[in-house]
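# An overview of the molecular structure
As a plain string of letters, each chain reads:
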Amino acid sequence: MSAIPNVLAERYASQAIRNIWSAEGRIVLEREFWIAVMKAQKELGLDIPQEAIEAYEAVKSDVNLQSIMDRERVTRHDVKARIEEFCDLAGHQHIHKGMTSRDLTENVEQLQVYRSLLILRDKTIAALSKLDERAQQWQGLILTARTHNVAAQPTTFGKRIAMFGEELLGALGSLNSHIESYTVRGLKGAVGTQMDQISLFEGDLEKVSALETKICKHLGIPEVYDNVGQVYPRSLDFRTVSVLTDLAAGPSSFSRTLRLMAGHETASEGFAKGQTGSSAMPHKMNSRSCERVNGFQTILKGYLAMASGLAGDQWNEGDVSCSVVRRVMLPDAFYACDGMFETFLTILVQMNAYPAVIEAENEHYLPFLMTTTIMMEAVKAGVGRELAHSAIKEHAVATVNDLRAREISENDLLKRLADDERLPLSLEQLQTLLNEGRENAGTARIQVDAFSKSIAAWKARFPQAATYEPGSIL
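Now for a look at the structure at hand. (Residues numbered from 1 in each chain as written. Predicted model: local features only at pLDDT ≥ 70, side-chain atom pairs only at ≥ 80, totals over all residues. Heavy atoms only, no water.)

### A closer look at the nonpolar core
Convention followed: Definition of nonpolar core: a set of buried residues of the types Ala, Val, Leu, Ile, Met, Phe, Trp, Tyr and Cys, connected through side-chain atoms within 4.5 Å. Note on exposure labels: buried denotes an accessible area under 20% of the residue type's maximum, exposed denotes more than 50%, and partly exposed covers the range between, all computed with a 1.4 Å probe on protein chains only. Numbered from the N terminus, helices here are DSSP runs of H or I no shorter than four residues, and strands are runs of E no shorter than two. Only heavy atoms matter for contacts: two residues are in contact if any of them lie within 4.5 Å across the pair.
One finds Phe 33, Leu 131, Phe 157, Leu 244, Leu 247, Phe 254 and Phe 344 to be the most contacted residues of the largest nonpolar core, which totals 109 residues. Looking at this core element by element, the count peaks at 14 residues for helix 7 (residues 101-137). Residues contacting Leu 244, with those up to four places away along its chain left out, are Leu 117, Leu 120, Leu 300, Ala 333, Phe 334 and Cys 337. Of all hydrophobic cores here, the second largest spans 22 residues; its members include Leu 369, Leu 417, Leu 423 and Leu 430.

In structure tokens, the structure reads:
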């Protein structure tokens, strides 16, 4: 019987992330870890033949998953099965000396997490770089901004993109802080006291400390726990999945907004040659990639709930009741976040804006969008603020209702306001305000410049990340 596929891995995630979290990839990382421990133990005086180390290195990539699974059915212990398999391949029995299972699995899982975080940092910077390009491209493209999904005031498309980009920028800061402070368990033994390594080195605490330092250097993770039990705190996993969920928030809001814009035909995520929107309706050009990004955000929230369930649930020095959850939660959260970025980057490369449609929408809504400005002009002319608000609201609501009923074909709000004796503003004055407002989006352009400046700093720190291009997505 063939293995049941992991849909997130096979359909959405990139090869780089799959390589880290695949069964074969994990076993190779474990074997490299065992070899690193052996080398360090030999350097510190343990009697481990060089030919044994070389034998292990020669077969570290020979992974037979079925053979390991057959062994586990007998041992009912996954690590023991993998020890036996590696030792039989090498023809020696020198790995795992002074180690408990968690000395292996905790550190290797953390290495998988850490390397995956580095990949996602690059993709976040790449996404921000493309958001910056699009924000600059449409920095001056005036459109009708919406609050509560109702026309509100003018903004620019570039400002709207930078708004969601700044949210992602905040998540990048959290991600980078998490990477720089990420803490590995190290070689701490069964209950965190390093008892077995102390015994192995005949009580030499300096050698035990040196061994752990060498192993952590092999892992390349910046910090090491001083006090830990059998397992590292599962609150660290919660912080990891929290960061992944945070990373998806800005792209998800951006994608939802782009879906709304596509419904008004003011912008779209693009439509590739040969793409089909609907098997039944040939005209359909659905925002399927944006919808997928929203779906990934929902998935990540589910894994965040799983991670929160493990945090604060540790018994004494630790147990493995969390294993079944973490075997699903950790790899799949990374598959989902990685798939989200691959999809989001594709959207940013292919998306379009339609200025003619945007301008037609602006013309329809512009008199409404200027009501705040008109109210301020009336106040400056001596009208009470509440009276001005009431009069303008009365005419605005009436104009909306007449437009919806098709009793008028064009927005005539300015004429209605000019004819109202409560408002000492002429039609000419109101038209001047409208013309000025046509190109006035406040500080929108300045805000785009500020966003671009922030992105430039990250691109300077990680120049290769900014050039990343997404793979082909389904």
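### Looking at the packing of helix 7 against helix 11 (residues 235-264)
Quick reminder of the rule: Note on definitions: angles span 0 to 180 degrees between N-to-C directions of axes, and those axes are lines fitted to C-alpha atoms, for helices only across the stretch in contact. The scheme is simple: roughly parallel for angles under 35 degrees, roughly antiparallel for over 145, roughly perpendicular for 65 to 115, oblique for anything else. Left-handed describes a crossing whose near helix is turned anticlockwise from the far helix by less than a right angle; the clockwise case is right-handed. Any residue that is not Ala, Val, Leu, Ile, Met, Phe, Trp, Tyr, Cys, Pro, Asp, Glu, Lys or Arg is counted as polar, Gly included; the first ten are nonpolar and the last four charged.
Where helix 7 meets helix 11, the axes come as close as 12 Å, and the angle between the chain directions of the two elements is 20°. Regarding the angle of helix 7 to helix 11, the classification is roughly parallel. As for the relative orientation of helix 7 and helix 11, their crossing is left-handed in sense. Only Leu 236, Thr 240, Leu 244, Leu 247 and Phe 254 of helix 11 make contact with helix 7, whose side of the interface consists of Gln 110, Val 113, Leu 117, Leu 120, Thr 124 and Leu 131. Looking at the contact of helix 7 with helix 11 residue by residue, the class counts come to 8 nonpolar, 3 polar and no charged.

### A word on the pairing of strand 1 (residues 142-147)
Short version of the rule: For two strands to pair, DSSP has to find at least two bridges joining them.
Pairing geometry for strand 1 and strand 2 (residues 150-156), over 5 bridges, is antiparallel. Within strand 2, the position partnered with Arg 146 by the bridge is Ala 151. Remark: 2 residues form the turn of the hairpin made by strand 1 and strand 2, two consecutive strands paired antiparallel; His 148 in that turn has positive phi of roughly 60°.

### Remarks on the environment of Thr 372
Inspection of the secondary structure puts Thr 372 in helix 15 (residues 371-380). Of the residues examined, Thr 372 reaches a relative accessible area of 37% and is grouped as partly exposed. Taking the C-alpha atoms as reference points, Thr 372 and Asp 226, 146 residues apart in sequence, are found 60 Å from one another.

### Brief notes about unusual backbone geometry
We note that Gln 194 has phi near 60°; this positive angle belongs to a residue other than glycine. By the secondary structure assignment, Gln 194 is in the loop between strand 3 (183-184) and helix 9 (195-200). Look at Gln 194 and you get buried, because its relative accessible area is 18%. With phi around 60°, Arg 406 is a residue other than glycine that occupies positive phi space. Its place among the elements puts Arg 406 in the loop between helix 16 (385-404) and helix 17 (413-418). With relative accessibility at 69%, the residue Arg 406 sits in the exposed group.

### Remarks on the pattern of salt bridges
Our working rule: Salt bridge criterion: a side-chain nitrogen from Lys or Arg within 4 Å of a carboxyl oxygen from Asp or Glu.
A full pass over the atoms with the stated rule returns 32 salt bridges. Salt-bridge contacts for Arg 385 lead to Glu 386; the nearest nitrogen and oxygen are separated by 3.1 Å. Look at Arg 385 and you get partly exposed, because its relative accessible area is 41%. Residue Glu 386 is classed as exposed on the basis of its relative accessible area of 54%. Three or more residues are tied together by salt bridges with common partners; here these are Arg 26, Glu 30, Asp 78, Arg 82, Glu 109, Asp 237, Arg 326 and Arg 327.

### Quick word on the side chain of Thr 257
Take Thr 257: it is sitting in helix 11. With a relative accessible area of 18%, Thr 257 lands in the buried category.

### Re the packing of aromatic side chains
Let me state the cut-off plainly: Note on aromatic pairs: the rings of Phe, Tyr and Trp (six-membered ring only in Trp) are paired at centre separations within 6.5 Å, and the planes decide the class, stacked below 30 degrees, edge-to-face beyond 60, tilted for the rest.
For the structure shown, the criterion picks out 9 aromatic pairs. Seen from their ring centres, Tyr 12 and Phe 296 are 5.1 Å apart, and the 90° between their planes marks the pair as edge-to-face. With Tyr 12 in helix 1 (residues 7-12) and Phe 296 in helix 12 (residues 288-310), this residue pair connects regions lying 284 residues apart in the sequence. A residue is classified by how much of its surface remains accessible, and Tyr 12, at 22% relative accessible area, is partly exposed. On the accessibility criterion, Phe 296 (2% relative accessible area) is buried.

### What about helix 18 (residues 427-438)?
As a reminder, the rule being used: Given a helix with a known number of residues, its expected span is that number minus one, times 1.5 Å.
End to end, helix 18 covers 16 Å across 12 residues, agreeing with the expected 16 Å (1.5 Å per residue, within 8%). Close packing links the buried residues of helix 18 with strand 2, helix 14 (355-369), helix 15 and helix 17.

### Let's talk about the packing of helix 7 against helix 8 (residues 157-181)
Helix 8 packs onto helix 7 with a crossing angle of 160° between their chain directions and a minimal axis gap of 9 Å. As judged from the angle between their axes, helix 7 and helix 8 are roughly antiparallel. Crossing angle aside, the handedness with which helix 7 passes helix 8 is left-handed. Residue-level inspection shows Tyr 114, Leu 117, Leu 118, Leu 120, Arg 121, Thr 124, Ile 125, Ala 127, Leu 128, Leu 131, Arg 134 and Ala 135 of helix 7 in contact with helix 8, the latter providing Gly 158, Ile 161, Ala 162, Gly 165, Leu 168, Leu 169, Leu 172, Leu 175, Asn 176, His 178 and Ile 179. Looking at the contact of helix 7 with helix 8, its residues break down into 16 nonpolar, 5 polar and 2 charged.

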